[in-house]
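# Coordinate analysis (summary)
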Amino acid sequence: MDSTLPSNNSNPHFVFIPFMTPGHLLPMVDMAKLLARRNVKVTIITTPLNSIQFQATIEREIQSGSPIQIELVPFPNAESGIPEGCESVDTLPSMDLAVNFYRALILLKKPLQEVYEKLTPTPSCIISDKIITCVADIADKFKVPRILFDGTNCFHLLCNHYLHVTKAYEAISSKDKFLLPGIPDRIELRRSQLPGIFNPGKNPEWNHYRQQVKESEGRSYGVVVNSFEDLEGVYVKEYERVTGLKVWCIGPVSLSNQDNLDRALRSKRYSNQEDEDGNKYLKWLDSWPSRSVIYVCLGSLTRATTEQLIELGLGLEATNRPFIWVIKGAYKREEMETWLLENGFEERVKERGILIKGWAPQVLILNHEAIGAFLTHCGWNSTLEGISAGVPLVTFPFFAEQFYNEKVVVQLVECGVSVGAESVVHLGEEDECVVQVSRENVKDGIEKVMGEGEECDKIRERAREYGTMAKRAIQQGGSSYCNMTRLIEEIKRLKLSHNS
Ligand code: UDP
């Protein structure tokens, strides 16, 4: 264990309250582990089915001496209309229920407060996902600082800040490009690529929840960001300056998983998951040369249409390169299975392709020497996990802030290329935008990072350099390591002044 503090009762106690979806839960658990390794007491409060996913990883931390624990609250399935057995956004049977999920979060206030009140020693700080807005009231009631976790990066936060202030997007027609206002670099986006808050989908209830999130943001003590200063230091400083918020940039937190066991445990999602320890995939990867395999995964929530997945598959096939393609289980599974069989795709690629039809040990796979490119939907975790592994990215954003993340990769750090998606595909509205990217675009994007030539070499070189910088950031003395020390010291100071 890497203790910043000696073990004693005056150490701060951090309470983590993660939002229930892998893209928020996994980085918060990683962050909680990093803090507890500094001898800071950490309690993660979550619901039973969510806890099952990270129990093994926390047990491993406890065995190594970390003061970390899990506390449970029941998920209000009946009251919110969410089916029993579902406590996470990515397991919702239909995206129509996403709004019910937000209602469930509001109902969590009472049980969260009951658990919070019983915690010992008295908590010194809450780190909660910004989507769980009811925590603002709990923090106010107990006069404890609430630090927000947003799941994204400062480039996105700063762009959103300026768009709120300037409303520069309002006069732009949907497909037109415009210059993002206020930021230090010249970066253009189409209005159609903006996140839902500036580019709403069909369901008006979302706007109500977005407003609640925005209102509760204003009542927070600061923000922790899963990013690192060598990646976007200018944006971290600018965001701090223009908002006056305290910002602690402490990532990439997935690098808390240093060995293959940690990485496999991080992705242990379902008890019936195929190849739980990832050994089958590692062995297969061992059989390929260094940097030769494409890893393709569109995250935990993306619901690409079958037509779009077919284009993606045929583009992959056309590269003639080895690949691992993660096809998420639930959405339109039968249609996809039928195509895979009837078209003969699986048979044709079986010598050089693995299809994971469900949940993949992503961080484990990405860190294998054989991985040469990552085709990603640009969820921030996936983006950062690819960058941390030193792997060039092929970017195919779908929704939320993913088009901003694409700009980070392609323009700010130049570690990847875009396949050319032009519009956000709102969750639940996938059928309105059946195919955005053709098989030719997929193949071209992959060739631009895996092929021959000076440009490809430069992208690969930069990707390797950013991988090195990412690892340095979280090591002792690195920027994220020092920022975490600052955070601990600040909460310790607050605790002392509160007690005196
Ligand atoms: N992930 C994984 N296996 C999968 C799909 C996703 O381990 O098959 C993890 C991935 O490593 C990342 C998270 O789930 O940490 C997804 O978060 P991200 O922000 O990339 O995208 P989202 O799923 O929120 O759209």
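Here the structure is a predicted model, which means the values were calculated and not measured.

### A word on the domain arrangement of the protein
If you check the domain split of the protein, you get domain 1 (13–255 + 473–499) and domain 2 (273–471). Taken together, the contact pairs 41 residues of domain 1 with 30 residues of domain 2. Those elements giving two or more residues to the side of domain 1 that touches domain 2 turn out to be α1 (22–36), α7 (154–166), β7 (188–190), α9 (229–243) and α19 (454–474). It is α1 that contributes the most residues to the side of domain 1 that touches domain 2, 4 residues altogether.

### Re the site of the ligand
Near the ligand there are 18 residues, and of these Gly23, Gly299, Ser300, Gly379 and Ser382 occur at the shortest range. At the level of elements, α1, α15 (362–366) and α16 (380–388) are the ones that each hand at least two residues to the shell around the ligand. In terms of residue count, the dominant contributor to the shell around the ligand is α16 (4 residues). For the shell around the ligand, the residue count by class is 9 nonpolar, 8 polar and 1 charged. Residue-level mapping places the shell around the ligand at the junction of two domains, with at least three residues from each of domain 1 (13–255 + 473–499) and domain 2 (273–471).

### Re the nonpolar core
In this structure, Ala32, Tyr295, Val296 and Ile324 are the most contacted members of the largest nonpolar core, which totals 138 residues. For this core, the element with the most residues is α1, which contributes 9 residues. When residues are assigned to domains, this core turns out to be shared by domain 1 (13–255 + 473–499) and domain 2 (273–471), each giving three or more. Dropping the residues within four chain positions of it, Tyr295 is found in contact with Ile324, Ile365, Leu366, Ile371 and Phe374.

### Remarks on the packing of α7 against α9
As a packed pair, α7 and α9 sit with axes 8 Å apart at the nearest point and diverge in direction by 40°. Judged by the angle between their axes, α7 and α9 are oblique. Where α7 crosses over α9, the handedness of that crossing is left-handed. Across from Cys154, Phe155, Leu157, Leu158 and His161 in α7, the residues of α9 making contact are Glu232, Tyr235, Val236, Glu238, Tyr239, Val242 and Thr243. For the contact of α7 with α9, the class distribution of residues is 8 nonpolar, 2 polar and 2 charged.

### Quick look at the sheet that holds strand β3 (residues 68–72)
Spatially, 7 strands are ordered β3-β2-β1-β4-β5-β8-β9 in an open sheet, and the strand pairing comes out parallel. Across the chains shown, the open sheet's two edge strands, defined by having one partner strand only, are β3 and β9 (246–249). Along the sheet, successive strands turn relative to each other by an average axial angle of 25°, direction set aside. Bridging between strand β8 (residues 222–225) and β9 involves 4 bridges; their strand directions are parallel. Directly across from Val224, in β9, lies its bridge partner Trp248.

### Side note on the sheet that holds strand β11 (residues 323–326)
Paired through backbone hydrogen bonds, the strands of a sheet run either parallel or antiparallel to each other. Strand order in the open sheet formed by 6 strands is β12-β11-β10-β13-β14-β15, and the pairing between neighbours is parallel. Unpaired on one side and paired on the other, β12 (353–356) and β15 (416–418) mark the two borders of the sheet. Strand-to-strand twist across the sheet, computed as the mean angle between neighbouring axes with direction ignored, equals 15°. Along the sheet face, helix α17 (residues 402–412) touches β14 (393–395) and β15 and points at about 125° away from the line of β15.

### Quick look at the pairing of strand β1 (residues 13–17)
Of all 5 residues in β1, 5 are buried, a share of seventy percent or more. Of the two faces of β1, the one lined by His13, Val15 and Ile17 and the one lined by Phe14 and Phe16 are each fully buried. Pairing analysis gives 4 bridges linking β1 to strand β2 (residues 41–46), with the strands arranged parallel. When the bridges of β2 are listed, Phe14 appears paired with Val42. Where the polypeptide runs from β1 across α1 and back to β2, its parallel neighbour, the crossover connection is right-handed. Bridge count between β1 and strand β4 (residues 125–129): 4 bridges; the pairing is parallel. Bridging from a neighbouring strand, Val15 pairs with Ile126 of β4.

Rules used throughout
- Residues numbered from 1 in each chain as written.
- Predicted model: local features only at pLDDT ≥ 70, side-chain atom pairs only at ≥ 80, totals over all residues.
- Domains from an automatic or database assignment.
- Contact = placed C-beta atoms within 7 Å.
- Helix = DSSP H or I, 4+ residues; strand = E, 2+ residues; numbered from the N terminus.
- Near = placed C-beta within 6 Å.
- Nonpolar A, V, L, I, M, F, W, Y, C, P; charged D, E, K, R; others polar.
- Core = buried A, V, L, I, M, F, W, Y, C linked by C-beta atoms within 7 Å.
- Buried ≥ 20, exposed ≤ 12 C-beta atoms within 10 Å, placed from the backbone.
- Axes fitted to C-alpha atoms, helices over the stretch in contact; angles between N-to-C directions.
- Parallel < 35°, antiparallel > 145°, perpendicular 65-115°, else oblique.
- Left-handed = near helix turned anticlockwise from the far one by under 90°.
- Pairing = 2+ DSSP bridges.
- Right-handed = clockwise from strand over helix to strand, strands pointing away.

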